[in-house]
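A look at the structure
In case you want the letters, here they are:
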Amino acid sequence: MSLVGASIRRLEDPDLLTGRKRFIADLAAGCDAVAFVRSPVAAARIVGMERPNGASVFTANDLSGVGSIEPILYRPDYFRARQPLLALDRVNYLGEPIAAVIAPTRREAEDVADAVFVDLELVEPVVHSSGALTDHSPIVHQGAESNVVVSGVIDTGNVDVVSVSAVEQVELDLTCHRQSASPIETRGAVARYDMEAAKVTLYASTQMPHVLRTAICDLLNMQEADLRVVAPAVGGAFGQKMCLPAEYAVIVWLSRHLRRSLAWIEDRRENFTSSFHSRDHRYWIRGSFDGDARLVALEGDLVANVGAYSCYPVTWGVEPLMAMAELPGPYDFQSYRVRARGVSTNTCPMSPYRGVSRPVLTLAMERMMDIAAERFGLDPVEIRRRNLITQFPYRSTTGIVYDEGSYVASLEKAAEVVDFDSFRRRQAEARDDGRFLGIGFSVFSERTGYGTPAFAPRNMAVTPGYETVEMAMDPSGGVEVRIGASPHGQGLVTTLSQVVADELGLPLKSIRIVHGDTDRSPYGWGTFASRSMVISGGATKLAAGRLRDAIAAVAGDILEAAPEDIRLAEGRAVVRGTDRGVEISELARHAYHHTPKLASDREPGLRANASYDPAGTFSNACHVAIVEVDIETGGVRLDRFVVVEDAGLLINPVIVDGQIAGGVVQGIANALYEEVVYDEAGNILTTTLFDYLPPTASEIPPIEIHHLETITDASVTGAKGLGEGGTIGAPAAVINAVSDALRPLGVQVMEMPATPDRIRRLIREAIKETA
Amino acid sequence: MSSLRAVTLSVNGVECKVEVEPRKTLADTLREDCGLTGTHLGCEHGVCGACTILIDGSPVRSCLLFAVQCEGVAIETVEGLASDGQLHPLQQAFWDHHGLQCGFCTPGFLMLAKGALAENPDLTGDALREVLSSNLCRCTGYQNIVTAVEDAAARMRS
């Protein structure tokens, strides 16, 4: 029986449920503790520093010979900022590390850090992207001509011609405020110094152990063989742990130079001020529609606040450039003119967060579709039906090729599930009672599993994408699968085991997945961008196929049959059409211990490797939110949330649904609750989980998930990625629903999170206008 | 640095003698001095609930208590849930219903649910969601946690 497609329970869970699993903070025992002295202001010159007598304090001056974080994007309009590991002569954001303190315990280290006095001469900060773009704004980085540190333009050249004949133009200004991915586990690093090998092992809460090793070795001028990076269990990441944190490099430097074992466990306040932030986009877009309500041209001006420094390896180009390339989403039009800019400010650096730009660009496109529908007197389903792509492969106006999907089918299925027509009746009845119900649709594409062919056009100095898997069967018949991906909650150990078990006809208990250890697993790019099941899964399937062939060859020798006649199932290799067979574990013994029995050209042992580097595959989905808005308080209650998802073949449906539900909740949070707030001076006003408002079980309705399964040949497993879709689609569905609810008042919501305060302001303004 | 105080804690029915600073939280003491790292710290300011344990059967945030306050009370942590290699019904239900992803918040949710069900074995629906809103989970979207606790409650009643 096939395991692929079965909702088996996760192999990861027993250790997590019993508290046995080790996370980063669980590995700190026996280490001295590190705490960081951080900038209390957004922008200042460092004039001096006083440290307590006898305290162990290290500054940039101690780190001589160490490089700066300086990610490179080969684009003429890219500004290469230098980020010192510890601030040199100025600080550029609140929370920037200035010095590292070492003490026997974390509590004592924090006491010392508090007692270090840093003399700062304040400089006028640049906080918001709107201010940063004005002529009189200070410029964050010396040597830059402006605060625009990366920009791009796409112009198909025919927008003006096409839009002249448009019968409707929909123009909107849209804001998505700043977020933090806020994994429940903060960042942390434990560096163990091995005196005998003169080698550091860095245990780090990270999504990409190999890339982290490369980055740190480049900075510290080390051989990669002298640093081992291990990702223990990681307590959520969502992108916040995919880029290089300066702190991790400092810990390795200290451990190497002091020959000591050291631990730094971030606290929540540091996580809010100094770990990577996300979003903070402002868009202007204008769509031109013809008489049939078809979008014929789109213009955009997209601005992303990218913070104080560029993130390694993806750079601060990742948000604006992705927004520019993927704004068209699932809609069919070929006239496009867009400018995208990344703007540097005195705020925390940004790292891609689940969905990257797509929650915002989906919001933009889906808001535009709803407004256009109103103008044309169409319902939100019909306008989308007329504009969605239907022919595959589809080449978008920006040159991206979409593989087969079910865009229209997912929309129609969603409309059927929510019974759109009867909702409209219910909504009208509710309005007669003074209640404001609304429905919001969101259709989107999720580009997933991109390998180097998709990353190459970005011109990053580091081009990620492929994955390699090394597989070996040991003499007892067990299979070790060493992967470069680095799962942290996605259940990849389970799903990859399902793939291997099916290929080799073995039970799950015979399979071990090894990941997250640079001394044990092949070089890989880790886990991000909804890539693991597609790319690492693909490499796993390819390697398993090769291992199957190797096992079949040994079986052929032993059973005196042709390898192609051997079938592996239920732990046995059998000759097709006969009852002759042998246990696979016995073949493993033969392969290692009885090689004289095998064909003379047979290599000893059983092993196989494979790499996979696909161009990528598009998942698609339609989300529908039904809300009720209390116009007195501005509060939004979610009554229903429906997802119709097409992520190709489902390897483990229950894990798939878990990814979707978790993603949707982060999207709802983006739409209604979460915001990192900076004041005009660059102080963060939201430094606790109490202020930041991640949603709890009470705010979230049950999420209903339906599947379509379009099988693509762009993925060798047939699976498409889906880790981000929930977060991408949900904000637009929720904001469209809130706007639909408030339509009788003439309110259009163009800002998220749509907090009660903001909704009330919109209602007040609308009432004032009509009065 | 302040002086150390000798404290005897009762954790999962076992005596744990430790010497700690008065300012040391119960969470840090359990993790560092008792060697029980299954209790996790997500915020250290009492919001996320990852460090939830039971004291005399009631869920509390172990990051908001000092170890020196906890002599003479019965402390239960996630390590005490399974017995003889048998998962507790809550652990089994979380496993069966995919009630965890990264698993970092899970010990806190298990202990919260254990305490809540001890107080009201019939907890379900919105009332259950209200109780579970004490803790934060970033991965699951909560639905599977709610389902798991409802299922465990049913198993524990029967």
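Residues numbered from 1 in each chain as written. Chains lettered and ligands numbered in written order. Predicted model: local features only at pLDDT ≥ 70, side-chain atom pairs only at ≥ 80, totals over all residues.

Regarding its fold elements, chain A presents 20 helices and 29 strands. Projected onto its principal axes, the C-alpha positions of chain A cover 95 × 75 × 50 Å. Scored against the burial criterion, the 771 residues of chain A give a buried share of 60%. Considering only intrachain contacts with a sequence separation of at least 6, the fraction spanning at least 24 residues in chain A is 80%. (Helix = DSSP H or I, 4+ residues; strand = E, 2+ residues; numbered from the N terminus. Buried ≥ 20, exposed ≤ 12 C-beta atoms within 10 Å, placed from the backbone. Contact = placed C-beta atoms within 7 Å.)

Okay, the overall build of chain B next. Across its full length, chain B holds five helices and five strands. Shown N-terminal to C-terminal, the secondary structure of chain B runs as helices and strands in the order β-β-α-β-β-β-α-α-α-α. Its C-alpha atoms put chain B at 50 × 30 × 25 Å along the principal axes. The 158 residues of chain B split such that 59% are buried. In chain B, once contacts between residues fewer than 6 apart in sequence are set aside, the share between residues at least 24 apart is 59%.

A separate point is the pairing of strand β4 (residues 58–61) of chain B. Residue and element names in this part refer to chain B. Across four bridges, the pairing between strand β3 (residues 52–55) and β4 is antiparallel. Counted as the bridge partner of Leu 54 is Pro 59 from β4. Between β3 and β4, which pair antiparallel one after the other, the connecting turn spans two residues, and Asp 56 there sits at a positive phi close to 50 degrees. (Pairing = 2+ DSSP bridges.)

Pro313(A) follows Tyr312(A) through a cis peptide bond whose omega is 5 degrees. Summarising the element assignment, Pro313(A) is placed in the loop between β14 (295–307) and α8 (318–326). With an omega of 10 degrees, the peptide bond between Met752(A) and Pro753(A) qualifies as cis. Tracing the sequence through the fold places Pro753(A) in the loop between β29 (751–752) and α20 (756–770). Not every positive phi belongs to a glycine, and Asp280(A) is a case in point at roughly 70 degrees. Inspection of the secondary structure puts Asp280(A) in strand β13 (residues 277–289). Even without being a glycine, Asn12(B) presents a positive backbone phi close to 50 degrees.

Right, let's talk about the interface of chain A and chain B for a bit. Quite often, the size of an interface is put as the accessible area lost when its parts meet. Contacts between the two partners involve 42 residues from chain A and, on the opposite side, 44 residues from chain B. When contributions to the side of chain A that touches chain B are tallied by element, the ones reaching two or more residues are α1 (13–17), α17 (653–672) and α18 (689–692) of chain A. Considering every element that reaches the side of chain A that touches chain B, the biggest residue donor is α17(A), with seven residues. A per-class count over the side of chain A that touches chain B returns 21 nonpolar, twelve polar and nine charged. (Nonpolar A, V, L, I, M, F, W, Y, C, P; charged D, E, K, R; others polar.)

All names here are of chain B. One can describe the packing of helix α2 (residues 89–96) onto helix α5 (residues 143–157) by two numbers: an axis separation of 8 Å at closest approach and a directional angle of 140 degrees. In terms of their interaxial angle, α2 and α5 are classed as oblique. Classified by chirality, the crossing of α5 by α2 is right-handed. The residues of α5 that touch α2, namely those facing Pro 89, Leu 90, Ala 93 and Phe 94, are Ala 148, Asp 151, Ala 152, Arg 155 and Met 156. (Axes fitted to C-alpha atoms, helices over the stretch in contact; angles between N-to-C directions. Parallel < 35°, antiparallel > 145°, perpendicular 65-115°, else oblique. Left-handed = near helix turned anticlockwise from the far one by under 90°.)

Residue and element names in this part refer to chain A. Along the chain, the position of Arg 187 falls in the loop between β8 (168–180) and β9 (188–194). A count of 24 C-beta atoms within 10 Å places Arg 187 in the buried class. In this structure, the C-alpha to C-alpha distance between Arg 187 and Ala 204, residues 17 residues apart in sequence, is 7.8 Å.

Moving on, we get to the nonpolar core. All names here are of chain A. In terms of nonpolar packing, the biggest core is built from 310 residues, with Val 34, Val 101, Ala 249, Val 252, Ile 551, Val 734 and Val 738 touching the most fellow members. Per element, the largest residue contribution to this core is 15 residues, and it comes from helix α15 (residues 532–559). Residues within four places of Ile 551 in sequence aside, it is in contact with Met 473, Leu 568, Ala 573, Ile 584, Leu 587 and Leu 606. (Core = buried A, V, L, I, M, F, W, Y, C linked by C-beta atoms within 7 Å.)

Residue and element names in this part refer to chain A. Here we have four strands laid out as an open sheet, ordered β18-β26-β27-β28, and mixed in their pairing. Either end of the sheet is taken by a strand with one partner, and the two such strands are β18 (436–448) and β28 (703–708). With strand direction ignored, the average angle separating the axes of adjacent strands in the sheet is 20 degrees. Pairing between β18 and strand β26 (residues 617–630): 13 bridges, direction antiparallel. Among the inter-strand pairings, Thr 448 is bridged to a residue of β26, identified as Thr 617.

Per-residue pLDDT for chain B averages 97, and the proportion of residues at 70 or more is 99%. Two numbers describe this predicted complex: its pTM, 0.97, and its ipTM, 0.98. (pLDDT = per-residue confidence, 0-100.)

Residues and elements named next belong to chain A. Contact pair α17 / helix α19 (residues 725–741): the axes reach a minimum separation of 7 Å and the direction vectors enclose 40 degrees. Viewed along their axes, α17 and α19 adopt a mutual orientation that is oblique. Handedness of the crossing formed by α17 with α19: right-handed. When α17 is examined against α19, the residues Ile 660, Ala 661, Gly 662, Gly 663, Val 664, Gln 666, Gly 667, Ile 668, Asn 670, Ala 671 and Leu 672 are found in contact with a partner set consisting of Gly 725, Gly 726, Thr 727, Gly 729, Ala 730, Pro 731, Val 734 and Ile 735. Split into classes, the residues belonging to the contact of α17 with α19 amount to ten nonpolar, nine polar and no charged.

What follows concerns the sheet that holds strand β22 (residues 566–569) of chain A. Residues and elements named next belong to chain A. The strand order across the open sheet built from three strands is β22-β23-β24, with neighbouring strands paired in antiparallel fashion. Here the strands that pair on one side only, and so sit at the sheet edges, are β22 and β24 (581–583). The sheet shows a mean angle of 20 degrees between the axes of neighbouring strands, direction not considered. Both β22 and strand β23 (residues 572–575) contribute to a ladder of four bridges, which runs antiparallel. Each bridged residue has a counterpart across the sheet, and for Ile 566 the counterpart in β23 is Val 575. Against the sheet, helix α16 (residues 584–593) contacts β22, β23 and β24, and its axis sits at roughly 80 degrees relative to β24.

Residue and element names in this part refer to chain A. The terminal C-alpha atoms of helix α5 (residues 209–220), which comprises twelve residues, lie 16 Å apart, in line with the 16 Å expected from a rise of 1.5 Å per residue. Most of α5 is tucked away: ten of the twelve residues are buried. If you check which residues of α5 are buried, you get Pro 209, His 210, Val 211, Leu 212, Arg 213, Thr 214, Ala 215, Ile 216, Leu 219 and Leu 220. In the core, the buried residues of α5 are packed alongside β10 (199–204), β11 (227–230) and α6 (246–258). Immediately downstream of α5, the backbone of Asn 221 shows phi near 55 degrees, a positive value. (Expected span 1.5 Å × (residues − 1).)

Right, let's get into the environment of Ala615(A). Residues and elements named next belong to chain A. Tracing the backbone through its elements, the reader meets Ala 615 in the loop between β25 (606–612) and β26. For the pair Ala 615 and Pro 380, spaced 235 residues apart in sequence, the C-alpha to C-alpha distance is 32 Å. Setting aside chain neighbours within four positions, we find Ala 615 in contact with Gly 451, Pro 453, Ala 454 and Ala 714.

Residue and element names in this part refer to chain A. Of all the positions in α16, only Ile 584, Leu 587, Ala 588, His 590 and Ala 591 are classed as buried. Looking straight down α16, one finds its buried side chains confined to an arc of 160 degrees; they lie on one side. For α16, the secondary structure elements touched by its buried residues are β19 (467–473), α15, β22, β23, β24 and β25. (Arc of directions from axis to C-beta.)

Turning next to the environment of His706(A). Residue and element names in this part refer to chain A. With respect to the helices and strands, His 706 occurs in strand β28. Given 16 C-beta atoms within 10 Å, His 706 falls into the partly exposed group. Counting along the chain gives 289 residues from His 706 to Val 417, while the straight-line C-alpha distance between them is 9.0 Å. Not counting residues within four places of it along the chain, the set of residues in contact with His 706 comprises Lys 413, Val 417, Val 643 and Val 644.

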